[in-house]
Amino acid sequence: MWYAPECLYYHRFDSSSDVWSFGVTMWEIMSFGARPYDKKKPPQILNYIEGGNRLTIPRNCPDDVYQIMLDCWQWDKANRPKFRMLTPQLHKLRRRYQQAQR
């Protein structure tokens, strides 16, 4: 499920719900295309999320990258980062990993 909870409950879509979906997309990238919530049906996924659970960290995913995903999956949309906050974070991570490769 790529939708934020408020999309499913209230059919409300905005940039904060896009941030939730962005976090899922990041998870898909870091897991090399694995299927999120593999084998769970939508009602099961919603119960899973309501219980405070989130997708687990993909293998070999750096903790700081996973933390961004977790931030994107905050239940209360007011607590999710804005894209304008995510962009500098991602640029900083990219620079750090590029430097580590040298």
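Scroll up to find the structure.
Residues numbered from 1 in each chain as written. Predicted model: local features only at pLDDT ≥ 70, side-chain atom pairs only at ≥ 80, totals over all residues. Heavy atoms only, no water.

Caption draft 1: Expanded view of a nonpolar patch on the surface. Judged by side-chain polarity, Y3, L8 and F13 come together as a nonpolar surface patch covering roughly 300 Å² of accessible area. Along the chain, L8 falls in helix α1 (residues 5-10). (Patch = residues over 30% accessible without salt bridge, like charges linked within 9 Å, V, L, I, M, F, W, Y side chains within 5 Å. Areas by Shrake-Rupley, 256 points an atom, 1.4 Å probe, with all protein chains shown as cover. Salt bridge = Lys/Arg side-chain N within 4 Å of Asp/Glu carboxyl O. Helix = DSSP H or I, 4+ residues; strand = E, 2+ residues; numbered from the N terminus.)

Caption draft 2: Structural detail: the packing of aromatic side chains. Evaluated as defined, the whole model comprises 6 aromatic pairs. Judged by centre distance (5.6 Å) and plane angle (80°), the ring pair of Y3 and F13 falls under edge-to-face. In this pair, Y3 is assigned in the segment before α1 and F13 in the loop between α1 and α2 (15-30), connecting sequence segments 10 residues apart. Taking 6.5 Å as the distance between ring centres and 75° as the angle between the ring planes, the aromatic pair formed by Y66 and W73 counts as edge-to-face. Pairwise contacts between aromatic rings join Y9, Y10 and W75 into one cluster. Above the plane of the ring of Y97 lies R96, whose end atom (NZ or CZ) is 5.3 Å from the centre. (Phe/Tyr/Trp six-rings, centres within 6.5 Å; stacked < 30°, edge-to-face > 60°. Lys NZ or Arg CZ within 6 Å of the ring centre and 35° of its normal.)

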